Amino acid sequence: MRNLPSRRGVMTAGVAAALSLALAACGGGSGGGATTAPAAAPSATAAVQDALSKPAELTFWTWVTGIEKTVARFQAKYPNIKVNVVNAGQSADQYTKLQTAIKAGSGAPDVAQIEYFALPQFALSKQVVNLAEHGAAELKDKFAPAAWGQVAINGGVYGIPQDTGPMAMFYRKDIFEKLKIEPPKTWAEFIEAAKKIKADNPDNFITSIDPGDAGGVDSLIWQAGGTPFKTSGENQVSVTLATDPGVKQFVSTWGSLLSEKLVDPQPGWTDEWWKGMGSGKYAVWMTGAWAPNGIINSIPKTKGDWAVAPMPQHDAAKPINAENGGSSVAVIPQSKNIPAAVAFAQWLNSDPEAVKSLNEEAGLFPATKTLLEDPAFRDAPQEFFDGQKINQVLGDASTAVKADWQYLPFQVYANSIFKDTVGQAIDGGGDLAGALKTWQDRITAFGTEQGFTLSAG
Amino acid sequence: MTAPATRAGLARPFLRLRVAGYAFFLPFFLVFLITVVAPLAYAIYLSFFQERMIGGTVFAGLGNYTRAIGDALFGAGLVRVALFLVAQVPIMLLIALLCALAIDSGRLRWPSLFRITIFMPYAVPAVVAALMWGYMYGDQFGLVGQIGDALGVTLPDLMSRSWMLGSIGNMVTWEYVGYNMIILYAALRAIPEELYEAAEMDGAGAVRIAWSIKLPALRPALLVATLFSVIGSFQLFNEPNILQKLAPSVITTSYTPNMYAYNLAFNGQQINYSAAVAVVLGLVTVVVAYVVQIITARREKTL
Amino acid sequence: MTAIADAPATAARRGTHRSAKGKRRGKSPLLTVIMLVMFVYAVLPLFWLLANASKSGADLFSTFGLWFGGDFSLFANIGDTLSYQNGIFLRWFGNTVLYSVVGAGGAALLATIGGYALAKYDFPGRKLLFALVLGAISIPGTALAVPTYLLFSQIGIVDTPWAVLIPSLCSPFGLYLMRVYAADAVPDSILESARIDGAGEFRIFRTIALRLLAPGFVTVLLFSLVATWNNYFLPLIVLNTPDWFPLTVGLNQWNAQANSGTSGAGDATYTLILTGSLLSIVPLIIAFLVLQRFWQSGLATGSVKQ
C-alpha cells in the first residue's frame, strides 16, 4: 500500500506574511472572530514564563525542513528544555496520526505544526489547547492580522502563527517582454494577456490550474473577496458557494479562462508541470510567497527569467489579497508540561531571533511584523530574480490580505472531495458554478452527518 | 474429512498427527491473530457505532452497513474494480504463464536474465512508480507525447477518463507479471522429472509437454495466483492512488472501494463508516473468490 | 539451514539434465525475440529511473526524459543522497534491512511450517482455519490502519520497530503458496516411511520436509523480502520517529518535501528521491540473484524419491 495523498505545497507551505506598517493600527479587524479572547489568569501567564527555566522535555511534530536550526537556538538559550523535533508526516498524514494518538490517549507530541485550514477542526474538537488561557492573546499585535485571524477561533487562540503565504504573481519576464505584455493589474488585463500568449503559440498558456488543489481555488475565491465558509458558535456552519459574491467573481473570470482554453488544467508539482514551468509553456504562477524556493530548486536553469508582481485585481481601486498555505504551531492537551510547550511555541514564532532563523534557515516567509518591516529583509535584492527586491512585493502582498476569511471546521474533508466535484469542471472546461454547488451539497451532507447545523446558500 | 478419534491403539497415531498439525500451524496462527484478526475484530466492533464531531459516539446498529449497501459512490467503485478484474487479471496471468513456460522450456537464451528483469518491476517503490509513470504517460513532455511528436500524430491522453482504467491495468501488469511468473516457475520446478522422461520417450514435443504435463501440474499454483489477483483487484489502491496526483479529476476519492474506505477514514475521520465499507468489500471479495474456487474445482473434476 | 545448504547438491542432477535437453532441442530464436519484447517492457521504466538518477538537478526538468542529461551526475547524486540530513538515508537503509531480513525470514518460516501443516496433517478445523485466513485478508488493510494503531498503542509498541516487525511476520499469501507447494513436493510415502522408522514429527519436518520445501521456501522468502522492503502503509501509520523509518516512508517524506513550498533553501530533493530509489532497488536485485540459485538447484520430488 502506499502513498497517502499528501497534498502539495499549497496546503503545506506557509509563510508568513505579516505586514507591517499599515496595520500597525490593528485595533479592529483581526478576523476570525477572536477579538474577545478572555484575559488569561495572571498565574497562567507567569507559569509559562517560569517554565522556561525549569527542566522539561518536549516533542515537536513538524515537517518544516531546517527548523532544527531554529530549535537549536532555543535550546542554546534555554538549556533546561530539551526539544525533540520529529517529522511525523506531512499535512493529512500527520493530522491522522495526531488525531489517532489523541484518541489512543498516548503517543501524541507536546507541540505540533498545524496548517491554518486544518486548525478549526482541531480547535473545535478541543484537540489543541486554547492558548488564550495561557496568555498568548498578548502576542496578537506582533503578527499580521490575516495570520492572527487564522488562529483566533471562536473566542480562543488555538495556535501561534508560524508562516503565511500571501498570494503573488510570479511571471516569466522574458516571455512577457518578448510578447510586449505588461504584468496584468486586473483580471480583465489578465484575460487579454492570456489571449496574446495563446495567439503566439497555441501550445502555451498564461498559467495552469490544478483540478486537485482545493487550496488554490480557496485562495482565488478569497482574493476575489469571497467568504463562502463561516462558522459561528460551536456548531453553526454556513456554506455559500452558490451565492457568495466573491465566488461569483471567481466563476466569471475562471469560467471564461477555462472555456476558452486560455489556462491549462494541469496538476501541479508533476514531471509534466515542472517541465512546462521550465520550458515556458506557462508564463505565470499565482501562488503563495513561499514559491521562490520551489522555483529556484526545481528549475534552476530559468534563473533571471522570473519576476514577481502583485495579484491581478477585480477592482483595481480596492485591491484585495489572499493567503495560500501557511501553518501555525499548536499545543496538544496530552502534554505533561503545557506551560513549557506554550513557552516554546511562543518563542519559536515570535522571538525576533527565532523568526529571523525561520526565514533564513528554514526558508519560511516571515509572519511577524517585526521581520516584515525590517529593511534588511525587505530591501534585499534576489539574485535569482535578476536582482528584484521581491520581498517588497511579497511584504506588500501580505499587507493587502483580507483578514475575514474562515475555513470550515472540517476543511480537510471538504478539500479532499474538491477533485470529485469542482475538479471535474476544471478539467472538463465546464460549468464551474454547477460544480461548486455540487461541492457545497457534499460539504453540507457531511457536516450535517457530523452533527453541525448547516445553512447553505 | 477427519476420522472421529476412537480408542487406544488406533487413536494414538491419529492423536499424535493432530497434535503435530496444530503445533505446526500454531506459530503462524498466533501472529495472524495478533496482526490481522484482532484489528479486524476491533474494526468490526467500531463499524456498529457512529462518532460525530458534534454529539460524540452513538450506537448505530446496522446503520453503517445499510448506508454502505445503498452508497452510490461505493457501488460505482465496486463496478469499476469488477471490470478491472475481468479484463486485467486474465491478461496478466496469461502473460505470466507464457513467460514461466518459456523460461522453463530450456529453449530460451539467457533464461536467468529474463527471469530477473521481468521480476524487477515488483521491487520498485511506489514513490518512484509515480514519478516514472507520470513521465511515461505524459502527453506533452512524456514518452507518449514524444512518440506522438516523432510520428507526427496526437496520441490519446492515457490519463483521461476513457483510458485511465487501461493505464492502471498496464501499471499493475507491469508490476505483477514477474511476480506471478515466479510463482508459476517455482511450481514448474516441482514437477517430477520422471514425467518428462516418460513423455520424451513417447516422442512428445515441447508444446505437447507444456499442454499435457506442465499445465495440469500448474493448476494449484494458478489457482493461488488467481485468488490473490482477485483479492488484489478488489483492494486496488496503490496504483490509482499514485496516479491520482497526476489526474486528480479522473481518479476521484471513491475511484476504487479501497480508496473510498481510506479517504473516509483519513480525510473524513469517519472511521466507523470506513470500517463498514471495508467489511462489505471483504464479504464481496470472499464471495467472488469462493466462486472462482468452485469453478476451478468443477473444471478439475471434469478433466 | 542445513537442509537448504544441501539443496544444491540434490538439485545438480536436474540442472544437468535440463541443459542436456536444451542442447538437444536447440534454442529457439523466435522465443528469445518474444521474450526480448517483454524485457523492454519491464526495463524501460527502470531505464528512465537510471537515466534521471544520473542527471544534475538543473538538467532534471530541462532535458529529454528517456536519456542521460548533459552531466553524468550519478556518483555526485549518490554522495548527496547518502549525506543529506546527516546521512539519514543510511539509517533508513539499515532499518529496512532489519525489517526485511527479520520480517521476511520469519514470515517465510512461519508460512512454510503452517503450509506444511495444512497440506500434510489432517486435523479438525483445518479447512475452517484456511478459510478464515482467506476471509480475513479480503478486508483491506487501509481501513484497518486506525484500529491497528489503537491496538498497538494499547500494548505500547507504537513508534517502535516491533510495530513493523510483528505484522511483517504474517504472510497469508506465503501460507497459501506453501500449502500448494507442500502438497506436491513432499510425498506422503516419505513421511510414512520416516514414521515407521520411528522419527518424531518435528524431526521429520526438519530433516526431510524442509529440504524438499526449500525452493518453495525460497520463493516465499523472496516475495516476503520484497513486500517488506517496499512496505509503506503500515510503517507510515505506526511510526512517527524518522529514526525508525524504512526507506519507503523516508523517500516519501523527501518527496512530500520537494512538493511543498516549505522545503528549506537549497534542497533540490527530486534528484535525491530518484537516486535514493535507485539505491533501494539494488539490494533486492542482489537478493534475487543470490536466492535464484536455489531454484536452479532444483527441488525435486523426483530426485529424492529415488
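Residues numbered from 1 in each chain as written. Chains lettered and ligands numbered in written order. Predicted model: local features only at pLDDT ≥ 70, side-chain atom pairs only at ≥ 80, totals over all residues.

For chain B, an unreviewed UniProt entry supplies the name Sugar ABC transporter permease and the organism Nonomuraea turkmeniaca. In its Subcellular location (unreviewed entry) section, the UniProt entry covering chain B states "Cell membrane". (UniProt positions renumbered as here; feature names shortened; annotations may be inferred.)

A few words now on the overall build of chain B. If you tally the helices and strands in chain B, you get 12 helices and 2 strands. When its helices and strands are written in sequence order, chain B yields α-β-β-α-α-α-α-α-α-α-α-α-α-α. Relative to the compact-globule value of 19 Å for 303 residues, chain B shows a C-alpha radius of gyration of 24 Å, a clear excess of over 25%. In terms of its C-alpha atoms, chain B occupies a principal-axis envelope of roughly 70 × 70 × 35 Å. Going through the 303 residues of chain B one by one, you find that 52% of them count as buried. Contacts in chain B between residues far apart in sequence, at least 24 positions, make up 66% of those at least 6 positions apart. (Helix = DSSP H or I, 4+ residues; strand = E, 2+ residues; numbered from the N terminus. Rg over C-alpha atoms; globule rule 2.2 N^0.38 Å. Buried ≥ 20, exposed ≤ 12 C-beta atoms within 10 Å, placed from the backbone. Contact = placed C-beta atoms within 7 Å.)

A word on the UniProt feature "domain: ABC transmembrane type-1" (unreviewed entry) in chain B. As annotated by UniProt and renumbered to match this structure, "domain: ABC transmembrane type-1" (unreviewed entry) occupies residues 78–292 of chain B. Across residues 78–292 of chain B, helical content stands at 74% and strand content at 0%; the span's end C-alpha atoms are separated by 17 Å.

So, about the interface of chain B and chain C. Listed as interface residues are 84 residues of chain B and, on the opposing side, 89 residues of chain C. Counting residues per element, the side of chain B that touches chain C draws most heavily on helix H1 (residues 8–46) of chain B, at 22 residues. When the residues that make up the side of chain B that touches chain C are grouped by side-chain class, the tally is 64 nonpolar, 13 polar and 7 charged. (Nonpolar A, V, L, I, M, F, W, Y, C, P; charged D, E, K, R; others polar.)

One recurring pattern in soluble globular proteins: nonpolar side chains tend to sit buried together. Within the largest apolar cluster, 335 residues are counted, with the highest numbers of intra-cluster contacts made by Val331(A), Phe344(A), Leu184(B), Val277(B) and Leu213(C). With sequence-adjacent residues up to four places away left out, Leu213(C) is seen in contact with Thr112(C), Tyr116(C), Met178(C), Tyr181(C), Ala182(C), Ala185(C) and Val186(C). (Core = buried A, V, L, I, M, F, W, Y, C linked by C-beta atoms within 7 Å.)

When its domains are assigned, chain B resolves into domain 1 (1–41) and domain 2 (73–302). One C-alpha centre belongs to domain 1 of chain B, the other to domain 2 of chain B; they are set 34 Å apart. (Domains from an automatic or database assignment.)

Turning our attention to the pairing of strand E11 (residues 323–331) of chain A. Looking along a regular strand, one sees the side chains alternate between the two faces of the sheet. All names here are of chain A. Of all 9 residues in E11, 9 are buried; the element is thus mostly enclosed. As paired strands, strand E3 (residues 111–115) and E11 are joined by 5 bridges and run antiparallel to one another. Directly across from Gln-113, in E11, lies its bridge partner Val-329. Sheet analysis places strand E6 (residues 160–172) next to E11, joined by 5 bridges and oriented antiparallel. Counterpart to Pro-161 in the pairing with E11 is Ser-328. (Pairing = 2+ DSSP bridges.)

Residue and element names in this part refer to chain A. On the basis of which strands lie adjacent, the open sheet formed by 3 strands has the order E7-E8-E12 and mixed pairing. Bordering the open sheet on either side are strand E7 (229–232) and strand E12 (453–456), each of which pairs with just one other strand. The sheet shows a mean angle of 20 degrees between the axes of neighbouring strands, taken without regard to direction. Looking at chain direction, E7 and strand E8 (residues 236–239) are connected through 4 bridges and run antiparallel. Note that in E8 the partner of Lys-230 across the bridge is Ser-238. Its contacts with the sheet put helix H20 (residues 432–449) on E8 and E12, and the angle it makes with E12 is roughly 165 degrees. (Axes fitted to C-alpha atoms, helices over the stretch in contact; angles between N-to-C directions.)

As a further point, take the interface of chain B and chain A. On the side of chain A, 34 residues touch chain B, which itself brings 30 residues to the contact. Within the residue set of the side of chain B that touches chain A, elements represented by two or more residues are helix H5 (126–137), helix H10 (238–244) and helix H11 (257–266) of chain B. When residues in the side of chain B that touches chain A are grouped by element, the largest group, 6 residues, is from H5(B). By residue class, the composition of the side of chain B that touches chain A is 13 nonpolar, 15 polar and 2 charged.

Residue and element names in this part refer to chain A. For helix H14 (residues 352–361), the set of buried residues is Ala-354, Val-355, Ser-357, Leu-358 and Asn-359. Check the buried side of H14 and you find it contacts helix H3 (67–77), E6, helix H13 (338–350) and helix H15 (369–372). A positive phi of about 70 degrees marks Gly-363, the residue just after H14.

Let's shift gears to the packing of helix H2 (residues 42–51) of chain A against H13(A). Residues and elements named next belong to chain A. Direction vectors running N to C along H2 and H13 enclose 75 degrees, while the axes themselves pass 8 Å from each other. The orientation of H2 with respect to H13, classified from their angle, is roughly perpendicular. Residues Ala-47, Val-48 and Ala-51 of H2 form the contact with H13, whose own contacting residues are Pro-339, Ala-340, Val-342 and Ala-343. For the contact of H2 with H13, a count of residues per class yields 7 nonpolar, no polar and no charged. (Parallel < 35°, antiparallel > 145°, perpendicular 65-115°, else oblique.)

What follows covers the UniProt feature "transmembrane region" (unreviewed entry) in chain B. Residues and elements named next belong to chain B. UniProt tags residues 21–45, 81–101, 113–136, 163–188, 217–237 and 271–292 as "transmembrane region" (unreviewed entry). Annotated as residues 81–101, this span is 100% helix and 0% strand, and its ends, taken at the C-alpha atoms, are 29 Å apart. The span residues 217–237 shows a helical share of 86% and a strand share of 0%, and its end C-alpha atoms are spaced 32 Å apart.

Residues and elements named next belong to chain C. Across its 14 residues, helix H6 (residues 141–154) extends 19 Å between first and last C-alpha, which sits within 8% of the 20 Å expected from 1.5 Å per residue. The largest bend in H6 amounts to roughly 30 degrees and is located at Pro-147. Burial runs high along H6: 13 of the 14 residues are buried. After H6 finishes, the residue Gly-156 shows a positive phi value of roughly 75 degrees. (Expected span 1.5 Å × (residues − 1). Bend = angle between axes of the 7 residues up to and from the residue.)

With that settled, the discussion passes to unusual backbone geometry. Although it is not a glycine, Gln269(B) adopts a positive phi angle of roughly 55 degrees. Relative to the helices and strands, Gln269(B) is located in the loop between H11 and helix H12 (271–302). Its identity is not glycine, yet Gln85(C) carries a phi of approximately 50 degrees, on the positive side. Looking at where Gln85(C) falls in the secondary structure, it is placed in helix H4 (residues 74–120). Taking the number of C-beta atoms within 10 Å as the measure of exposure, Gln85(C) has 17 and is therefore partly exposed.

All names here are of chain A. A large share of strand E9 (residues 284–288) lies buried, amounting to 4 of its 5 residues. Two strands pair when backbone bridges link them, and E6 and E9 are joined in this way by 5 bridges, in the antiparallel orientation. Paired with Met-167 across the bridge in E9 is Gly-288.

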